[in-house]
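Coordinate inspection notes
Residue strings, one per chain:
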Amino acid sequence: MAPILSMRNVTKRFPGVLANDRVSFTLNQGEVLAFLGENGAGKSTLMNILYGLYAPDEGEVAVRGQPVQIHDPNDAIGLGIGMVHQHFQLVPVFTVAENIVMGTEPTRFPFSWKTMGLVGGVTAAIFLIGGLITGIGMQAVWAGLIGGAAVAGLYGLVSLLSYLTRWKFLVYWPVVAVAGAILVSVLALYLKAQDRIPLLIFLAILFAAASYPALKVISTALDRRTASRRIRALSDQYGLSVDPDALVGTLPVGIQQRVEILKTLYRQAEILILDEPTAVLTPQETDELFEIMHSLEAQGKSIIFISHKLKEVMTIADRVVVLRNGRVVGETTPAESSEEQLAEMMVGREVVLVVDKGPASPGEVVLEVSGLTAIDRRQQPALRGVDLFVRAGEVLGVAGVQGNGQTELVEVLTGLHTATGGSFRIMGHDVTNAPPRQVTELGVAHIPEDRQRDGLIMPFPIYDNLRLVTYYQEPFAQGPTVRFDDLYDYADKVVKEFDVRTPSIALPAQNLSGGNQQKVIVGRELSRPIKLLIAAQPTRGLDVGSIEYIHRRLVQKRDEGCAVLLVSAELDEIMALSDRIAVIYGGHIVGTMDADKVTREELGLLMAGAKPQEEEVTVG
């Protein structure tokens, strides 16, 4: 059987970068094909070509054995290709149904004979009652009949013209213009106003042109009932349980991803591209996604799965294609390879998948949090009396299912969110609700959860992003002037030391891959003297080589005497890096324990809200 999709010798160049170098692969029907590669290896570029967001410089794409030209996403959708992006393309204030049908909305004609009769009848009744009240007798009956007929006639005219807007403008306009010209000419002759005929014909032509866009809008109503019915049918068919009437902004991330998948299926996609689909999911949500993928695969859908997580690829993929530096360096199956072999193929060297970390030597308390409370952006309680401390020379990991207050905790500690109660001290200084600069100047580094929103100014070049925290200090500033030579030297040094893959330090941050954007942030935060490192989801969306590097840097900072507060949705990461682990649930710290004295299962129970056993939990 011929593959459902093939790409042959696809090449894509950007200024100074060869993103894809003669890449070839095939995808079979009912198959999960995984793509592995370092950040910047060319995976996303290749998928953007397939989805019509980029045009290839060379090569050929074939769907169902036929060569095709994909100029934009509409072409891709027409060929049965759908893409779920890593950063969801949803409108938070729209419902699930409105998001899914956007651009292909089922519509209905809002006018009907029943409505016309109702409007005419109500108008006639009003005229009749008014006539009877004023005592004009039988004239009230005629007034009612004439008024009702006039309103019904006007309604009928609008309905007819609205129906005609289903035609194209070049058909509607001449038909309505000619009919209107004849009508007004007859009327003018009847009223013996022949001299007005040219003006009336001009107005009829003008009305025909102007009425089309207005009537086009009022005659098209979203058929919400049909949309909801179709979405429920799709949900049942593929096991994607969602409420079509729920507002997207109120849904958990895992449910939002189901909405994205349903968007592609609604458009009858047979080939689904999932770009880093588990990057923002909890372990439970990831398991649910894999069940959905198995269901789609069983019903004949073909899936391209892009991920950095080796365990996930080994679990879900039928075949694996590995990219490095824009080229295919290998193709294998999970049965024929191991995580270590795949990691070495990705990076081109042996990768240490286990964190090399010796015992900690804790010192004085650097961060002390007491009774901290805060509300989230929906004005709901997010932190409910958080107590914790972090000492110099140790890593305190905060574990928990996303949405239990971790984001607000980090933002409050870094001055980005207001605490409503409690306090926290850094190096003995009370900095509750202090501005970010005051917190930073105490020697606090922050690796934010959302690197694009809070960590970088995307249009700015790399060298400017590297000085965002210290732009006003020497050696980068001398009074009101910028010392560019020192800045360029510093940027070159950081880019080299932290292995940021870029052709130039002048490249805008938005042109870097996600992993290299993260390396810019890590390089900026760790290249200055710090006492406390607050790292939120530091390896989200990164490849194994970058994860290994950042883990090594975090442990190095700990060993240098820095206090590290690590917040991560990756339970394996928390257990590998932490010396102590605090579990957050519902805005509370429900337990703090030594990392070497707790099991994954015990942590999972605490993360789900189970009560801790007193003998299992030790603070300090």
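What follows covers the overall build of the protein chain. If you tally the helices and strands in the protein chain, you get 21 helices and 24 strands. When the 620 residues of the protein chain are sorted by exposure, 49% land in the buried category. A sequence separation of at least 24 residues applies to 69% of the contacts in the protein chain between residues at least 6 apart. For the protein chain, the accessible surface area stands at approximately 29600 Å², while carbon and sulfur atoms represent 57% of it.

Right, let's get into the layout of surface pockets. Of the pockets and cavities examined, the largest pocket occupies roughly 1600 Å³. For the lining of the largest pocket, the secondary-structure elements that each account for two or more residues are α9 (253–266), β14 (381–391), α13 (406–413) and α15 (451–455). Residues belonging to the lining of the largest pocket are distributed by class as follows: 16 nonpolar, 16 polar and 13 charged. Computed from the structure, the second largest pocket encloses a volume of approximately 1300 Å³. Around the second largest pocket sit 44 residues that line it, and T45, N511, L512, S513 and G514 are the ones nearest its centre. Of all the secondary structure elements, the ones that give two or more residues to the lining of the second largest pocket are β2 (17–27), α1 (43–50), α15 and α18 (514–526).

To continue, consider α9. The terminal C-alpha atoms of α9 lie 20 Å apart, and with 14 residues this matches the ideal 20 Å at 1.5 Å per residue to within 8%. Buried residues dominate α9, accounting for 12 of its 14 residues. Backbone geometry just after α9 places Q268 at a positive phi near 60 degrees.

The subject of this paragraph is the packing of aromatic side chains. Applying the stated criterion to the full structure yields 11 aromatic pairs. Ring geometry for F169 versus Y212: centroids 5.3 Å apart, planes at 70 degrees, classification edge-to-face. Here Y212 lies in helix α7 (residues 197–218) and F169 lies in helix α6 (residues 169–190), a separation of 43 residues in the sequence. Aromatic pair Y471 and Y472: ring centres 5.3 Å apart, planes at 80 degrees, arrangement edge-to-face. You can call Y471 partly exposed: its relative accessible area is 40%. One aromatic cluster in this structure is built from F169, Y172, W173 and Y212.

A negative phi angle is the norm for most residues apart from glycine, just as the trans form is the norm for most peptide bonds. Of note, the bond from E474 into P475 is cis; its omega dihedral lies within 30 degrees of zero at 5 degrees. Tracing the chain through its elements places P475 in the loop between α16 (462–465) and β19 (477–478). Phi at D499 takes a positive value of approximately 55 degrees, unusual for a residue other than glycine. Examined against the element boundaries, D499 turns out to sit in the loop between α17 (484–497) and α18.

What follows deals with α17. Here α17 contains 14 residues, and its C-alpha end-to-end distance of 20 Å stays within 8% of the 20 Å for a straight helix at 1.5 Å per residue. All buried positions along α17 are accounted for by L487, Y490, A491, V494 and V495. Viewed along the axis of α17, the buried residues span an arc of 130 degrees, placing them on a single side of the element. Along α17, exposed side chains directed more than 90 degrees from the buried face belong to D485, D489, K493 and K496. Where α17 is buried, its residues contact α16, β20 (481–482) and α18. Directly after α17, the chain includes D499, whose backbone phi takes a positive value near 55 degrees.

In this section: the environment of A76. Within the secondary structure, A76 is located in helix α2 (residues 73–78). Counting along the chain gives 26 residues from A76 to L50, while the straight-line C-alpha distance between them is 7.4 Å. Setting aside anything within four residues of it in sequence, one finds A76 in contact with L50, Y51, I70 and I81.

Moving on: the sheet that holds strand β12 (residues 327–332). If you trace the six strands from one edge of the open sheet to the other, you get β6-β9-β10-β3-β11-β12, paired in mixed fashion. For this open sheet the edge positions go to β6 (81–84) and β12, each flanked by a neighbour on one side alone. Strand-to-strand twist in this sheet, taken as the mean axis angle between neighbours without regard to direction, amounts to 20 degrees. In the sheet, β6 pairs with strand β9 (residues 271–275) via four bridges, with the strands oriented parallel. When the sheet's bridge partners are listed, M83 is paired in β9 with I273. Packing against the sheet, α9 makes contact with β6 and β9, and its axis sits at approximately 170 degrees to β6. On the sheet, helix α12 (residues 339–347) packs against β3 (32–37), β11 (319–324) and β12 and is oriented at approximately 30 degrees with respect to β11.

The next subject is the pattern of salt bridges. Applying the stated criterion to the full structure yields 33 salt bridges. Ionic pairing is found between E411 and R453, a salt bridge with its closest N-O pair at 3.3 Å. With a gap of 42 residues between them, E411 in helix α13 and R453 in helix α15 connect regions that are remote in the sequence. A salt bridge links R467 to D464, with the shortest nitrogen-to-oxygen separation between them at 2.9 Å. Neither residue differs from the other here; R467 and D464 are each classed as buried.

With that settled, consider the pairing of strand β10 (residues 302–306). β10 sits mainly inside the fold: five of its five residues count as buried. Of the two faces of β10, the one lined by S302, I304 and I306 and the one lined by I303 and F305 are each fully buried. Here β3 runs beside β10; their pairing, made up of four bridges, is parallel. Among the inter-strand pairings, F35 is bridged to a residue of β10, identified as I306. Two elements, β9 and β10, share five bridges in a ladder whose sense is parallel.

It is worth spelling out the confidence of the model for the protein chain at this point. For the protein chain, the average pLDDT comes to 86, and 89% of its residues sit at 70 or higher. When the elements of the protein chain are averaged for pLDDT, helix α4 (residues 113–134) gives the smallest value, 63, and strand β22 (residues 563–567) the largest, 97. Across residues 614–620, where pLDDT falls below 50, the model places 14 contacts with residues more than four positions away in sequence or in other chains.

This brings us to the nonpolar core. If you look at soluble globular proteins, the nonpolar side chains tend to sit buried side by side. If you look at the biggest cluster of nonpolar residues, it comprises 47 residues, and the most contacted ones within it are L533 and I581. In terms of nonpolar packing, the next biggest core, distinct from the first, is built from 46 residues, V96, L265, A317 and A343 among them.

Moving on: the packing of helix α8 (residues 224–238) against α9. The angle between the axes and the distance between the axes are what describe a pair of packed helices. One can describe the packing of α8 onto α9 by two numbers: an axis separation of 11 Å at closest approach and a directional angle of 105 degrees. Taken together, the axis directions place α8 and α9 in an arrangement best described as roughly perpendicular. Residues R230, I231, L234, S235 and Y238 of α8 form the contact with α9, whose own contacting residues are L262, L265 and Y266. Among the residues making up the contact of α8 with α9, the classes are represented as six nonpolar, one polar and one charged.

Calculation notes
- Residues numbered from 1 in each chain as written.
- Predicted model: local features only at pLDDT ≥ 70, side-chain atom pairs only at ≥ 80, totals over all residues.
- Heavy atoms only, no water.
- Helix = DSSP H or I, 4+ residues; strand = E, 2+ residues; numbered from the N terminus.
- Buried < 20%, exposed > 50% of the residue type's maximum accessible area, 1.4 Å probe, protein only.
- Contact = heavy atoms within 4.5 Å.
- Areas by Shrake-Rupley, 256 points an atom, 1.4 Å probe, with all protein chains shown as cover.
- 1 Å grid on protein atoms, 1.4 Å probe; cavity = no way out; pocket = protein on both sides within 12 Å on 5 of 7 lines; lining within 4 Å.
- Points joined across faces, edges and corners; volume = space filled by probe spheres on them.
- Nonpolar A, V, L, I, M, F, W, Y, C, P; charged D, E, K, R; others polar.
- Expected span 1.5 Å × (residues − 1).
- Phe/Tyr/Trp six-rings, centres within 6.5 Å; stacked < 30°, edge-to-face > 60°.
- Arc of directions from axis to C-beta.
- Pairing = 2+ DSSP bridges.
- Axes fitted to C-alpha atoms, helices over the stretch in contact; angles between N-to-C directions.
- Salt bridge = Lys/Arg side-chain N within 4 Å of Asp/Glu carboxyl O.
- pLDDT = per-residue confidence, 0-100.
- Core = buried A, V, L, I, M, F, W, Y, C linked by side-chain atoms within 4.5 Å.
- Parallel < 35°, antiparallel > 145°, perpendicular 65-115°, else oblique.

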